[in-house]
Amino acid sequence: MLLSARETADSLGIKLESLYAYVSRGLLTSVELSGSRERHYDAEDVERFRVTRGARGKRVPEALMPVIPSAICLIEDHRFYYRGQDALQLADMATLEEVAAILWETEATPAPTPTLPRLRGTETASAEANPLPRKRGRVGVGAIGALESCQLRLSEMAASDLAALDLTHAGLTRTGRLILPELTACVTGAAPSTAPVHRQLAAAWGLDDARADLVRRCLVLLADHELNASTFVARCVASTGATPYAVVSGALAALSGRRHGGASARAEALCRELVAGDDPMVVMAARLARDDDLPGLGQPLYPEGDPRAVAILTAARRAVPDKAEWIDAVTQAAAQLSGKQPNVDFGLGATTTALGLPAGAALAIFLIARSVGWIAHAMEQYQSGVLIRPRARYSGRRPIPIAE
């Protein structure tokens with residue numbers, strides 16, 4: 001007997017979001033029925049999980065899963081919202097800076113903020129080390145990538161910006177407005193600018209207005225996504241009272257992992273392989289035959305498909321019409337082979353590939369956009385005054401009592 005997602009959640013006494021989290025962690029398995037987009041669950045598996053999830057020695061994710069009150073991002077009914085505003089609708093027109101104003105609860109048109117001096121000998125580090133603004137298609141130029149370049153720059157800024165110790169809302173807004181253009185400059189190799197981020201990236205990558213607008217849409221849709229791994233790290237760091245520079249640097253470290261932001265880089269690498277002209281179905285099937293995975297597919301919070309991916313890929317077909325057929329081919333082949341729909345990582349990888357951007361562009365767009373959300377969550381965490389300190393459920397060997 002198969003249960004719907006709602007029936008499964010009700011039988012376990014949990015929310016749908018918790019159910020999807022269990023699935024993402026491999027604790028429950030969903031199945032796909034022909035002719036239905038909704039995932040279903042085996043009733044016996046569900047009952048077995050219900051009975052054993054509190055048993056000694058079993059994983060009890062609900063007890064270990066941090067739940068932090070937040071008014072920043074709501075994920076509900078296959079949509080998501082920034083402080084109550086539909087993110088998909090915002091992506092139609094808003095800039096990343098306007099979304100930052102929403103998430104940071106500040107004015108939409110900030111005055112230009114002066115940049116901080118660079119440490120001696122590092123003035124050209126971003127331009128020389130970062131491969132993104134260089135000739136398209138070149139891979140591996142320079143010793144470090146955009147993410148590492150951003151971490152170095154944040155370290156420099158933290159050393160010289162004592163004003164970042166001001167953790168009031170006004171102080172945090174000021175520091176956030178310093179961080180965003182500096183991260184963008186680390187990607188473009190140009191000097192920090194007050195121009196909209198998507199315009200700076202478009203100038204570095206030689207994009208026309210339509211393609212620049214596609215980058216803008218990606219930035220808006222990636223600005224926040226509730227309590228993912230890097231955002232949780234950001235909140236943990238903020239809860240200690242560290243400055244926003246440490247918050248964003250710590251979040252970048254989490255983002256670098258292959259299961260998080262690294263998934264965008266891996267999806268981009270796959271799409272760059274597929275753009276060579278071979279049949280996408282054949283190329284991806286060969287990967288599976290080698291026991292390689294197909295990155296960027298499936299999103300447990302959106303069992304019917306990631307709306308961010310749908311929005312990005314739809315816009316990419318319009319902005320790059322000569323690649324529309326290729327986008328359809330790769331997404332359909334991936335879904336058919338995996339049984340899963342593309343998520344935002346796949347959408348971003350396919351889009352940067354269709355635009356002909358340099359290797360690493362997907363992760364670069366991701367980190368710039370998500371820094372806005374990290375700062376918003378840091379603001380909320382500072383205001384709470386709570387030190388995040390989860391407890392562990394001990395599962396190791398028990399001490400042997402000493403006989404008297």
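Residues numbered from 1 in each chain as written. Predicted model: local features only at pLDDT ≥ 70, side-chain atom pairs only at ≥ 80, totals over all residues. Heavy atoms only, no water.

Caption draft 1: Highlighting the overall build of the protein. The helix and strand inventory of the protein stands at 19 helices and six strands. Going through the 404 residues of the protein one by one, you find that 48% of them count as buried. Residue pairs at least 24 apart in sequence account for 73% of intrachain contacts in the protein once pairs closer than 6 positions are excluded. Surface accessibility of the protein: about 19300 Å² in total, with carbon and sulfur atoms responsible for 53%. (Helix = DSSP H or I, 4+ residues; strand = E, 2+ residues; numbered from the N terminus. Buried < 20%, exposed > 50% of the residue type's maximum accessible area, 1.4 Å probe, protein only. Contact = heavy atoms within 4.5 Å. Areas by Shrake-Rupley, 256 points an atom, 1.4 Å probe, with all protein chains shown as cover.)

Caption draft 2: Region of interest: the packing of helix 9 (residues 169–188) against helix 13 (residues 244–255). Running from amino to carboxyl end, helix 9 crosses helix 13 at an angle of 45 degrees, the nearest separation of the two axes being 10 Å. When the axis of helix 9 is compared with that of helix 13, the two are oblique. Once helix 9 is placed against helix 13, the crossing between them reads as right-handed. For the pair formed by helix 9 and helix 13, the contact residues are Leu 172, Thr 175, Leu 178, Ile 179 and Leu 183 on the first element and Pro 244, Tyr 245 and Val 248 on the second. Partitioning the contact of helix 9 with helix 13 into residue classes produces seven nonpolar, one polar and no charged. (Axes fitted to C-alpha atoms, helices over the stretch in contact; angles between N-to-C directions. Parallel < 35°, antiparallel > 145°, perpendicular 65-115°, else oblique. Left-handed = near helix turned anticlockwise from the far one by under 90°. Nonpolar A, V, L, I, M, F, W, Y, C, P; charged D, E, K, R; others polar.)

Caption draft 3: View of the sheet that holds strand 2 (residues 30–32). Reading across the sheet, the three strands line up as 1-3-2 and stay open at both edges, with antiparallel pairing between neighbours. Pairing within the sheet leaves two strands with one partner each, and these edge strands are strand 1 (2–4) and strand 2. Across the sheet, the mean angle from the axis of one strand to that of its neighbour is 50 degrees, orientation sign disregarded. Taken together, the three bridges between strand 1 and strand 3 (residues 39–42) define a ladder with antiparallel strand orientation. Its bridge partner being in strand 3, Leu 2 is matched across the sheet by Asp 42. Along the sheet, helix 1 (residues 5–12) contacts strand 1 and strand 3; its crossing angle with strand 1, the most-contacted strand, is approximately 90 degrees. (Pairing = 2+ DSSP bridges.)

Caption draft 4: Focus on the sheet that holds strand 5 (residues 79–82). A sheet is described by the order of its strands in space; here three strands give the open sequence 4-5-6, paired in antiparallel fashion. Of all strands in the sheet, those with a lone pairing partner are strand 4 (73–76) and strand 6 (85–86), marking the two edges. The pairing of strand 5 with strand 6 spans two bridges and is antiparallel. Bridge pairing in strand 6 places Tyr 82 opposite Gln 85.

Caption draft 5: The arrangement of helix 18 (residues 344–354) in detail. Helix 18 sits mainly inside the fold: 11 of its 11 residues count as buried. Among all positions in helix 18, only Val 344, Asp 345, Phe 346, Gly 347, Leu 348, Gly 349, Ala 350, Thr 351, Thr 352, Thr 353 and Ala 354 are buried. Taking the backbone nitrogen of Asp 345 as reference, a side-chain oxygen 2.9 Å away marks Asn 343 as the first, capping residue of helix 18. Among the residues trailing helix 18, Gly 356 stands out with phi positive, at a value near 75 degrees. (Polar contact = N/O pair within 3.5 Å; in protein donor to acceptor, adjacent residues only side chain to side chain.)

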